[in-house]
Amino acid sequence: SDGAADELAGVPLRPTRKGLTSEPPRRVRQHVNPLAGQYQKPVELPPDWVTQQYPAPSQPFWIDIGSAFGGFALDMAKAVPGRNMLGLEIRFPCVQKALVHKNQEGVTNVHFIACNANVNIDHILGAVTRHGPLERVLVQ
């Protein structure tokens, strides 16, 4: 199997002037305005995204709001394998990089979503708590 293709499996594509790419940009803005129109749209997730992303979806969930490049959530997923970690980050390039790291390290109890938590938290909490209890919410 192609290692590069395996590494990028499940990594969302972002638009560029030359088409779609899974590569994160060279530079990521440190801050974005969560009130900007582009961040006010609800994220579209498949109805079964929880069971697609977590092998043990009934485990308790820890949600990391503002997960950036995913380092904390990845470390916690490895340290506490009996919990499902979910990182929420408004900056799409950060989530791309976090998903690449997740795939490289083979961690299965963590996932990342690019979204504005202010807009999407109810929808996301509803989805995860249909499968497992919400145990912690961490705000970075």
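One can find the structure itself at the top, above this paragraph.
Conventions and cut-offs
- Residues numbered from 1 in each chain as written.
- Predicted model: local features only at pLDDT ≥ 70, side-chain atom pairs only at ≥ 80, totals over all residues.
- Heavy atoms only, no water.
- Helix = DSSP H or I, 4+ residues; strand = E, 2+ residues; numbered from the N terminus.
- Buried < 20%, exposed > 50% of the residue type's maximum accessible area, 1.4 Å probe, protein only.
- Contact = heavy atoms within 4.5 Å.
- Areas by Shrake-Rupley, 256 points an atom, 1.4 Å probe, with all protein chains shown as cover.
- Patch = residues over 30% accessible without salt bridge, like charges linked within 9 Å, V, L, I, M, F, W, Y side chains within 5 Å.
- Salt bridge = Lys/Arg side-chain N within 4 Å of Asp/Glu carboxyl O.
- Phe/Tyr/Trp six-rings, centres within 6.5 Å; stacked < 30°, edge-to-face > 60°.
- Lys NZ or Arg CZ within 6 Å of the ring centre and 35° of its normal.
- Expected span 1.5 Å × (residues − 1).
- Arc of directions from axis to C-beta.

**A closer look at the overall build of the chain**
Link 1 in the chain: The number of helices and strands found in the chain is 5 helices and 6 strands.
Link 2 in the chain: Traced from its N-terminal end to its C-terminal end, the chain shows the element sequence α-β-β-α-β-α-β-α-β-α-β.
Link 3 in the chain: Of all 140 residues assigned to the chain, the portion counted as buried reaches 36%.
Link 4 in the chain: For the chain, the share of sequence-separated contacts (at least 6 apart) that also reach a separation of at least 24 residues comes to 74%.
Link 5 in the chain: For the chain, the exposed surface amounts to about 8,100 Å²; the carbon and sulfur share of it is 52%.

**Describing a nonpolar patch on the surface**
Link 1 in the chain: Nonpolar side chains collect at one region of the surface, where Leu134, Val137 and Val139 lie side by side and expose about 260 Å² of accessible area between them.
Link 2 in the chain: Among the structural elements, Leu134 can be located in strand 6 (residues 134–139).
Link 3 in the chain: Overall, the relative accessible area of 33% leaves Leu134 in the partly exposed class.

**Remarks on the packing of aromatic side chains**
Link 1 in the chain: All chains considered together, the criterion is met by 1 aromatic pair.
Link 2 in the chain: Ring centres of Tyr54 and Phe61 lie 5.1 Å apart, and the angle between their planes is 85°; this geometry places the pair in the edge-to-face category.
Link 3 in the chain: A residue is classified by how much of its surface remains accessible, and Phe61, at 0% relative accessible area, is buried.
Link 4 in the chain: Lying across the ring of Phe69, Lys97 places its NZ or CZ 5.8 Å from the centre.

**Considering helix 4 (residues 92–105)**
For an α-helix, the turn length of 3.6 residues means that residues three or four places apart are oriented alike.
Link 1 in the chain: An ideal rise of 1.5 Å per residue puts 20 Å on 14 residues; helix 4 measures up with 20 Å between its terminal C-alpha atoms.
Link 2 in the chain: Buried residues of helix 4: Pro93, Cys94, Val95, Gln96, Ala98, Leu99, Val100 and Lys102, and no others.
Link 3 in the chain: Trailing helix 4 by a residue or two, Gly106 shows a phi angle of about 70°, which is positive.

**What to know about helix 3 (residues 71–79)**
Link 1 in the chain: Within helix 3, the full set of buried residues consists of Ala73, Leu74, Met76 and Ala77. All buried residues of helix 3 project into a common sector of 165° when viewed along the axis, lining one side.
Link 2 in the chain: Among the structural elements, strand 3 (61–65), strand 4 (84–89), helix 4 and strand 5 (110–114) are those in contact with the buried residues of helix 3.

**Some remarks on the side chain of Ser67**
Link 1 in the chain: Locating Ser67 in the fold gives a position in the loop between strand 3 and helix 3.
Link 2 in the chain: The buried category is assigned to Ser67, whose relative accessible area is 5%.
Link 3 in the chain: The contacts of Ser67, once residues within four sequence positions are left out, are Gly87, Leu88, Glu89 and Phe112.

Such coordinate-based values are descriptive only and should not be taken to indicate function.
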